[in-house]
Each structure stands twice: as structure tokens, then as C-alpha cells.
Amino acid sequence: DKPIPGEKAMKGMKGLCVTVNVDLEGAPEKELEKVGVYGFVTDKGTGESVLANNPDLSTDAGQFAMIESVKPSDKKLQFEFIAAVPREMDTSQYDNGIAPLDFESLRVISYPGGQQFGAINPCEMNEFSDECEAWEEVNGPYKKGDFMVKSNPRTKGY
């Protein structure tokens, strides 16, 4: 039920939700919020990238996941991302529902005060829409700021 990021880049591909558990090598000095995850993720068997924003493995400059917070006491982290695999790939043969993956050059980066990748809600698109009303029934009243960046706490535009 989650939106698939990079739907245009994933045209003709199948999106699979992957949960990753990692050991943190170095802890931050202070708590970090909305931390971006960067690196390379490939299919262990084919060597092909499973990241829609890096299909040719040319760069690892694109954020492919986000971790809500990283505390100095954290030793292990968990995050999710959407893997892009060929639609014709038979994933039923794998215990985890996806071929084994290789993770290389993984790192987390925090840009304090910067805008972060994340889904916007329907009220940010059109506060008068039926979708906004349905969203408000689940999430409570939408609080509009002066500008969109001030309406969403994720963007830290307060």
C-alpha cells in the first residue's frame, strides 16, 4: 500500500519492498533525524542494480531510503526500500521473496535543516479535494502553513 518511488524509472519493472537490518559501524555524536541512506544495491546473481534511481551503477549519489532517527546509542538500524527487479523474474524460488542482494558503500547522511525525501499528503496537493478530506479523517485536521514547506514538518520549514 506504499507508493513506489521512481515509478517512471521503474517502468516495466516489478517493485518489491525490502526490509534491511544493518549493524552501525560508527555512532553519531548526537541524535540525527530523517537520515538518508545511500550506496549500491545489486542482485547477487546477476550483478544488476535493483535501485530505480541508479540502474546502471554509475553513481551512488541518490538517496534510496530514509531512517527516521539515529541515536548515539544505536548499534543496529532497520530501513525499507523498494527494489526494482525485472517483471518476468520468478521470485517465488527465494525464501525472502527476492534474490539475494549485495550492499556496497552503504552510508547514512543527515542534512540538518534540509528538505528530505518523503511522500506528500493529498492536502499538500489540494486542501479542498475529496482525497484531503479522507486523509484528514485518518490523520486529523490539516494545518496549512504560509507555504508548502511550512505545512509539512518533514521539510523543517518552520
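Up top is the structure.
Residues numbered from 1 in each chain as written. Predicted model: local features only at pLDDT ≥ 70, side-chain atom pairs only at ≥ 80, totals over all residues. Heavy atoms only, no water.

Colleague: I would appreciate a short explanation of the overall build of the protein in the present structure.
Modeller: Within the protein, the secondary structure is distributed over 3 helices and 5 strands. Across the protein, helices and strands are ordered from the amino to the carboxyl terminus as β-β-β-β-β-α-α-α. Taking all 158 residues of the protein together, 34% fall into the buried category. Within the protein, residue pairs in contact and separated by at least 24 positions form 71% of the contacts whose partners lie at least 6 positions apart. Of the roughly 10500 Å² of accessible surface on the protein, a fraction of 50% belongs to carbon and sulfur atoms. (Helix = DSSP H or I, 4+ residues; strand = E, 2+ residues; numbered from the N terminus. Buried < 20%, exposed > 50% of the residue type's maximum accessible area, 1.4 Å probe, protein only. Contact = heavy atoms within 4.5 Å. Areas by Shrake-Rupley, 256 points an atom, 1.4 Å probe, with all protein chains shown as cover.)

Colleague: Is there a simple way to think about the packing of aromatic side chains in this case?
Modeller: Here a ring pair, both rings aromatic, is described through the centre-centre distance and the interplanar angle of the planes. Under the defined criterion, the tally for this structure stands at 4 aromatic pairs. A ring pair is formed by F81 and F103, whose centres lie 6.3 Å apart and whose planes are at 90°; its orientation type is edge-to-face. A residue pair is termed long-range when its members are at least 10 positions apart, and F81 in strand β4 (residues 76-86) and F103 in strand β5 (residues 101-109) qualify at 22 residues. The exposure class assigned to F81 is buried, which follows from its relative accessible area of 3%. A connected cluster of aromatic rings, assembled from ring pairs, spans F64, F79, F81 and F103. (Phe/Tyr/Trp six-rings, centres within 6.5 Å; stacked < 30°, edge-to-face > 60°.)

Colleague: Mind showing me how you'd approach the sheet that holds strand β3 (residues 65-70) here?
Modeller: An order of β3-β2-β5 is seen for the 3 strands of this open sheet, with the pairing classed as antiparallel. The open sheet has two free edges, formed respectively by β3 and β5, since each of these has just one partner strand. Within this sheet the neighbouring strands show an average axis-to-axis angle of 30°, counted without direction. In terms of strand pairing, strand β2 (residues 32-43) meets β5 through 7 bridges, oriented antiparallel. By the bridge assignment, G36 is partnered in β5 with I109. (Pairing = 2+ DSSP bridges. Axes fitted to C-alpha atoms, helices over the stretch in contact; angles between N-to-C directions.)

Colleague: How do you make sense of the environment of P28 when you look at a structure like this?
Modeller: In this fold, P28 is placed in the loop between β1 (13-23) and β2. Judged by relative accessible area, which is 16%, P28 ranks as buried. Taking the C-alpha atoms as reference points, P28 and S73, separated by 45 residues in sequence, lie 8.6 Å from one another. Once you skip the residues sitting within four places of it in the chain, P28 turns out to touch V70, K71 and P72.

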